[in-house]
Amino acid sequence: MMESRNSVVDFSSDSTKLPLSVLLQTQKDLVNYRGLGVSVLELHHRSPEFTEILDATKSTLRELLKIPENYKILFLQCGASGQFGAIPFNFIGLKEARCAEFVITGAWSAEAAEEARKLGKVKIVHPEQNAYTTIPDPSKWDLGPDSSYFYYCADDSVNGVAFHFIPDSKKTVLISDMSSNFLSKPLDVSRFGVIFAAGQKSLGCAGVTVVLVREDLLESALNACPIVLNYKLQAGSIANTPPCYSIYIMHLVLDWIKSNGGPEAMEQNSIAKSKLLYDVIEGSGEFYVCPVDVKCRSRMNVVFQVGGPAGNDSLEQIFLDKAAGVGMTSLKGHRSVGGICASLHNVTLEETQKLAEFMMSFKNEHHLSSD
Ligand SMILES: *Cc1c(COP(=O)(O)O)cnc(C)c1O
């Protein structure tokens with residue numbers, strides 16, 4: 001859906017390809033913001049001009065996700081990983097037992113659980129898994145009434161495991177890391193206590209993390225919580241200098257999403273794109289293999305092996321080299337899982353189609369030669 005600027009298509013999960021219209025606006029504002037004779041980079045964070053950007057960003061986000069009035073919207077630094085630490089500081093004290101419940105579906109939820117363990121007890125609600133390829137059966141989760149909150153990662157991007165439903169946390173406060181799929185679909189925010197998302201995956205550029213937090217949960221931060229991580233203080237007034245430029249970029253991206261049909265259109269687009277690749281994988285006679293359970297395959301990060309279920313390192317390398325040769329880069333999976341990972345956050349349907357066609361012709365060449 002985003003306009004392309006050159007022939008290289010980057011399938012990295014780490015950053016966003018920004019719409020051309022956003023970049024052109026940025027180019028203007030960088031030199032002379034609204035004819036004021038100053039750069040948008042130079043705006044004082046308490047100036048009327050920046051305050052206007054901040055307010056507009058919040059109201060567009062509120063409108064796009066129909067965020068109820070009793071939720072605060074925070075724009076923080078420190079990335080999603082910073083919130084892994086901030087969450088227990090702010091919410092582990094909600095119940096006396098100081099226990100947080102987790103579902104672990106990949107590297108990011110595992111890391112968040114380790115951060116929580118520094119400040120309280122962590123209960124993993126399911127038996128340990130050997131590999132992150134599925135969501136452990138929700139009907140068997142061991143949830144208790146004494147836990148402060150229940151945490152999951154909506155799309156654990158490294159492993160390509162995603163929730164296509166909102167888990168039932170049995171009245172415990174529900175917290176989710178949505179860094180990888182925020183705004184990729186409509187969302188019932190009222191089901192959650194806290195949602196957070198790093199900005200660089202689909203909201204703009206690195207430097208800002210969005211936090212949505214229900215107001216009544218803001219009273220339980222531990223005394224030891226640093227000011228910049230304290231959601232109540234951050235929700236009150238400006239506790240420290242916000243990442244102004246990243247917020248400005250997010251403002252433009254949110255406007256772009258709004259004018260392109262909002263979360264509903266983003267969802268149709270991400271379903272269509274990921275289907276193109278999963279269909280090739282399923283129709284490849286196990287030449288390509290996606291290890292992730294069909295019902296929880298990510299629409300953002302399509303993870304697969306080349307050359308059979310066990311993978312084939314040399315064939316994988318040829319795949320990567322040939323793909324790069326025709327302008328498709330950053331397809332190598334995370335070092336902890338190997339294989340291929342095609343992240344689709346910011347590529348168009350046409351660009352995804354190009355990858356699907358490449359995969360089919362690569363299979364035809366190499367399947368035949370190995371017979
Ligand atoms: C990328 C990512 C993170 C890490 O984000 P940082 O801003 O680098 O800390 C955390 N969770 C998920 C789901 C991600 O995709």
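Residues numbered from 1 in each chain as written. Predicted model: local features only at pLDDT ≥ 70, side-chain atom pairs only at ≥ 80, totals over all residues. Heavy atoms only, no water.

**Comments concerning unusual backbone geometry**
Then comes step 1: For Lys66, which is not a glycine, the phi torsion comes out positive at approximately 50 degrees.
Then comes step 2: Structurally, Lys66 is set in the loop between helix H2 (48-65) and strand S2 (71-76).
Then comes step 3: By relative accessible area, Lys66 is classed as exposed at 63%.
Then comes step 4: Of note, Lys171 is a non-glycine position whose phi angle comes to about 75 degrees, a positive value. (Helix = DSSP H or I, 4+ residues; strand = E, 2+ residues; numbered from the N terminus. Buried < 20%, exposed > 50% of the residue type's maximum accessible area, 1.4 Å probe, protein only.)

**Here's the deal with the nonpolar core**
Then comes step 1: If you look at the biggest cluster of nonpolar residues, it comprises 77 residues, and the most contacted ones within it are Leu61, Phe182, Tyr288, Phe319 and Leu331.
Then comes step 2: Split by domain, the residues of this core number at least three in each of domain 1 (9-13 + 261-370) and domain 2 (21-259).
Then comes step 3: The contact partners of Leu61, leaving out residues within four places of it in the chain, are Ile67, Ile73, Phe75, Phe182, Leu183, Val210, Leu212 and Leu254.
Then comes step 4: Counting residues in each nonpolar core, the second largest holds 32 residues, with Leu74, Ile104, Ala113 and Tyr149 among its members. (Core = buried A, V, L, I, M, F, W, Y, C linked by side-chain atoms within 4.5 Å. Domains from an automatic or database assignment. Contact = heavy atoms within 4.5 Å.)

**With respect to the domain arrangement of the protein chain**
Then comes step 1: By domain assignment, the protein chain separates into domain 1 (9-13 + 261-370) and domain 2 (21-259).
Then comes step 2: Each of domain 1 and domain 2 has a C-alpha centre, and these two points are 28 Å apart.
Then comes step 3: Opposite the 25 residues of domain 1 that make contact, domain 2 presents 26 residues.
Then comes step 4: For the domain 1 and domain 2 pair, buried surface summed over both sides reaches about 2,000 Å², with 56% attributable to carbon and sulfur atoms.
Then comes step 5: Considering only the side of domain 1, the residues that lose the most area to domain 2 are Pro263, Met266 and Cys296, jointly responsible for 26% of the buried surface there.
Then comes step 6: On inspection of domain 1 and its partner domain 2, the count reaches zero salt bridges. (Buried area = accessible area lost by both parts, 1.4 Å probe. Salt bridge = Lys/Arg side-chain N within 4 Å of Asp/Glu carboxyl O.)

**Here we look at the packing of helix H1 (residues 20-31) against helix H6 (residues 244-259)**
Then comes step 1: Remark: H1 packs on H6, axes separated minimally by 10 Å, with the N-to-C direction vectors making an angle of 140 degrees. If you check the angle between H1 and H6, you find them oblique. In the packing of H1 onto H6, the handedness of the crossing is right-handed. Residues Ser21, Val22, Gln25, Thr26, Asp29 and Leu30 of H1 form the contact with H6, whose own contacting residues are Tyr245, Tyr248, Ile249, Leu252, Val253 and Trp256. (Axes fitted to C-alpha atoms, helices over the stretch in contact; angles between N-to-C directions. Parallel < 35°, antiparallel > 145°, perpendicular 65-115°, else oblique. Left-handed = near helix turned anticlockwise from the far one by under 90°.)

**Quick word on empty space enclosed by the protein**
Then comes step 1: Counting across every chain of the model gives two cavities of 30 Å³ or more.
Then comes step 2: Taken as a whole, the second largest cavity holds about 70 Å³ of empty space.
Then comes step 3: If you trace the second largest cavity, you find it lined by Asp155, Ala162, Phe163, His164, Asn181, Ser184, Lys185, Glu267, Ser270, Arg299 and Met300.
Then comes step 4: Class assignment of the residues belonging to the lining of the second largest cavity gives a composition of three nonpolar, four polar and four charged.
Then comes step 5: Viewed by domain, the lining of the second largest cavity spans two of them, domain 1 (9-13 + 261-370) and domain 2 (21-259), each represented by three or more residues. (1 Å grid on protein atoms, 1.4 Å probe; cavity = no way out; pocket = protein on both sides within 12 Å on 5 of 7 lines; lining within 4 Å. Points joined across faces, edges and corners; volume = space filled by probe spheres on them. Nonpolar A, V, L, I, M, F, W, Y, C, P; charged D, E, K, R; others polar.)

**A closer look at the pairing of strand S10 (residues 209-214)**
Then comes step 1: Across the six residues that make up S10, a large majority, five, are buried.
Then comes step 2: Where S2 and S10 come together, six bridges link them in antiparallel fashion. Bridged to Leu74 within S10 is Val211.
Then comes step 3: The pairing of strand S9 (residues 194-198) with S10 spans five bridges and is classified as antiparallel. Bridged to Ile195 within S10 is Leu212. (Pairing = 2+ DSSP bridges.)

**Examining the sheet that holds S2**
Then comes step 1: Pairing is mixed across the open sheet formed by seven strands, whose spatial order is S2-S10-S9-S8-S5-S3-S4. Across the chains shown, the open sheet's two edge strands, defined by having one partner strand only, are S2 and strand S4 (121-124). Taken over all neighbouring pairs, the strand axes of this sheet differ in orientation by 20 degrees on average, direction set aside.
Then comes step 2: Against the sheet, H2 contacts S2 and S10, and its axis sits at roughly 125 degrees relative to S2.
Then comes step 3: Along the sheet face, helix H4 (residues 107-117) touches strand S3 (99-102), S4, strand S5 (149-153) and strand S8 (173-177) and points at about 150 degrees away from the line of S5.

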